[in-house]
Amino acid sequence: MTKDMTEGKPLQLILRFSIPLIFGNLFQQMYNMADTIIVGQTLGLNALTAVGSTNSLNFLIIGFTTGTCSGLAIPVAQRFGAKDYKKMREFVANAAWLAILLAAVLTVLTTTLCRIILEGMHTPANIFQDAYDYFFIICLGIPFTFLYNTSSGIIRSMGDSKTPFYFLVLSTILNIVLDLALILIFHMGVAGAAWATIFSQGVSGFACLIYMRKKYDILRMTREEMRFQLYCQKILLMDSVPMGLQFSITAIGSIMMQSAVNALDAVYVSAFAAATKVKQLAMCPYDAVASACATFGGQNMGAGKNERIAKGLWAGILICLVYSVFIGAVLITNGSTIAWLFVDRGETQVLAAVQQFLGFSGFFYWLLAILDCTRMTIQGLGFGGVAIFAGCSELVARGLMSLLAIPAFGYAAVCVTDQTAWLAATIMVVVIFWRINRKLTRKKRV
């Protein structure tokens, strides 16, 4: 079922669109965290640390994939808002061609280089083999990640945020069942967790694709509309690659941070891995509302209703600010309790370090309300290229903290690195959006 977001109150539209996305993102995190939870509880702290040590690498690869696929959906949302359905179908077809190409290239590169990358990150010797096995298999599943994110992104661009959620629930349940089976019954260790992840991702991807082709008449294409078109490819590349790079730039900063943490005591390596999982869980609503802002902005820009774009952004920020108060209080008071999902309660030193990390971050989640909604709105409008500057500012902040502050001040510096990066990126995106919105509103008046 499609949803036109060019009519109606922005706050209500974004809230309704976000709710399935919030639950979807939570299930996505459960899907990703199932490996960590089951590995941590069944295979021990070293196995947990091995999987956790690849978090930033997974963020780099999966982040690039997710960002690229989100970019592929931007022209679709804009043509849907403009009710130019023929051109919309042409973009959908060409998005599929481009996704296939990018998935093949990225899979070959990552599987070839993964050992070199782990060595370059100073991955401890006692967890290296498990980390390599897990990351290598995850890289093999990149085509499935492209399949799900491209299909679900196209569906969401037409205002349907519920269908991808349903398939994600199915995938999450399947992943948990397979994790337990491959680890506890077949004794495949961390490799079993990775195989469970990519198989489940493939199931959700194919289910989403089949549903999209059968249920959406608006997407039924002629042979001419399915042709590879250079014009469409150019626009798709301009929208998708900058968004993928945006996520990758952010991930590079996380890799630098992970490398700096790996040089600290093993307690802090384990604590950082667990705290990062809790942080990712806490960030789910921001990502959901921000995605709603991107779809809202893209559809209204396509419809020529530029004056509604800023209203949609403010609505998204308001929703996230309210959530920030709640999640900040939870993390400050009970962050380590959530980490019991990943770490045995007897690991008191690890849990104390987790609480230190989450306690600091809880005071600054309001920055993410502004950062995520503004950045995704910019990208939804098709200005992903300039949004890279925000990613660069975030990279510089994390890089300086990782190279200078963490070696000098240890884990205390780790606990304030995210906030420093968020602040730098927030300032940048606010300035960028102000200039873009002023340009669009002036263009509308003319």
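Note: the structure precedes this text.
Residues numbered from 1 in each chain as written. Predicted model: local features only at pLDDT ≥ 70, side-chain atom pairs only at ≥ 80, totals over all residues. Heavy atoms only, no water.

## Description of the overall build of the protein
Looking only at helices and strands, the protein has 17 helices and zero strands in total. Rg of the C-alpha trace for the protein: 21 Å, near the compact-globule value of 22 Å for 446 residues, within the 12% margin. Projected onto its principal axes, the C-alpha coordinates of the protein cover approximately 60 × 45 × 35 Å. By residue count, 59% of the 446 residues in the protein fall in the buried class. Taking as baseline every contact in the protein between residues at least 6 positions apart, the subset at least 24 positions apart corresponds to 84%. Accessible surface, the protein: about 18,300 Å² in total, of which carbon and sulfur atoms supply 69%. Treating the 33 positive side-chain charges of the protein as one cloud and the 22 negative ones as another, the clouds have centres 13 Å apart. (Helix = DSSP H or I, 4+ residues; strand = E, 2+ residues; numbered from the N terminus. Rg over C-alpha atoms; globule rule 2.2 N^0.38 Å. Buried < 20%, exposed > 50% of the residue type's maximum accessible area, 1.4 Å probe, protein only. Contact = heavy atoms within 4.5 Å. Areas by Shrake-Rupley, 256 points an atom, 1.4 Å probe, with all protein chains shown as cover. Lys, Arg positive; Asp, Glu negative; His and termini not counted. Charge placed at Lys NZ, Arg CZ, Asp CG, Glu CD.)

## Some details on the packing of helix α6 (residues 128–140) against helix α9 (residues 189–215)
Here α6 crosses α9 at 15°, and the two axes come no closer than 8 Å. Between α6 and α9, the angle is such that the two are roughly parallel. In this structure, α6 crosses over α9, and the sense of that crossing is right-handed. Between α6 and α9, the contacting residues are D130, Y134, I137, I138 and L140 on the first element and V190, A191, A193, A194, W195, T197 and I198 on the second. Residue composition of the contact of α6 with α9, by class: ten nonpolar, one polar and one charged. (Axes fitted to C-alpha atoms, helices over the stretch in contact; angles between N-to-C directions. Parallel < 35°, antiparallel > 145°, perpendicular 65-115°, else oblique. Left-handed = near helix turned anticlockwise from the far one by under 90°. Nonpolar A, V, L, I, M, F, W, Y, C, P; charged D, E, K, R; others polar.)

## Focus on the layout of surface pockets
Take a probe with the size of a water molecule and roll it over the atoms, and the empty space left behind shows itself. The volume enclosed by the largest pocket comes to roughly 650 Å³. Forming the walls of the largest pocket are 23 residues, and the residues nearest its centre are V92, A96, L209, M212 and R213. Listing elements by their share of the lining of the largest pocket, those giving two or more residues are α5 (85–120), α7 (142–157) and α9. (1 Å grid on protein atoms, 1.4 Å probe; cavity = no way out; pocket = protein on both sides within 12 Å on 5 of 7 lines; lining within 4 Å. Points joined across faces, edges and corners; volume = space filled by probe spheres on them.)

## Describing helix α12 (residues 284–302)
In a regular helix each residue adds 1.5 Å, so 19 residues correspond to 27 Å; α12 covers 27 Å between its end C-alpha atoms and thus fits that length. α12 sits mainly inside the fold: 15 of its 19 residues count as buried. Taken from the residues just after α12, G304 is the one with a positive phi, measuring 75°. (Expected span 1.5 Å × (residues − 1).)

## Quick notes on the side chain of T54
Along the chain, the position of T54 falls in the loop between α2 (45–52) and α3 (55–72). Using a relative accessible area of 0% as the deciding quantity, one classes T54 as buried. Polar side-chain contacts of T54 include one of 2.7 Å to the backbone oxygen of V51. Setting aside its immediate chain neighbours within four residues, T54 contacts L118, A131, Y134 and F135. (Polar contact = N/O pair within 3.5 Å; in protein donor to acceptor, adjacent residues only side chain to side chain.)

## Here we look at the packing of aromatic side chains
Two aromatic rings are characterised by how far apart their centres lie and by the angle between their planes. Tallying each qualifying case throughout the model produces 14 aromatic pairs. A centroid spacing of 6.5 Å and a plane angle of 50° characterise the contact between F91 and Y231, whose relative ring orientation is tilted. Placement of the pair is F91 in helix α5 and Y231 in helix α10 (residues 230–262), with a sequence separation of 140 residues. Judged by relative accessible area, which is 48%, Y231 ranks as partly exposed. Aromatic pair Y365 and W422: ring centres 5.4 Å apart, planes at 80°, arrangement edge-to-face. Residue Y365 is found in helix α15 (residues 365–380), and its partner W422 is found in helix α17 (residues 411–445); the two are separated by 57 residues along the sequence. In terms of burial, Y365 and W422 fall into one category: buried. An aromatic cluster of at least three residues, connected via ring pairs, comprises Y286, Y323, F326, Y365 and W422. Cation over ring: R115 sits above Y132, and NZ or CZ is 4.1 Å from the ring centre. (Phe/Tyr/Trp six-rings, centres within 6.5 Å; stacked < 30°, edge-to-face > 60°. Lys NZ or Arg CZ within 6 Å of the ring centre and 35° of its normal.)

## Observations regarding the packing of α5 against α6
Contact geometry of α5 with α6 gives a least axis separation of 9 Å together with a crossing angle of 165°. When the axes of α5 and α6 are compared, the pair comes out roughly antiparallel. At the point where α5 passes α6, the crossing takes the right-handed sense. Note on element contacts: α6 touches α5 through F128, Q129, A131, Y132, F135, F136, C139 and L140, opposite T107, T110, T111, C114, R115, L118 and E119. Classifying every residue of the contact of α5 with α6 gives nine nonpolar, four polar and two charged.

## Focus on the environment of R345
Along the chain, the position of R345 falls in the loop between α13 (307–338) and α14 (348–361). Beyond its immediate sequence surroundings of up to four residues, R345 is in contact with W340 and L351.

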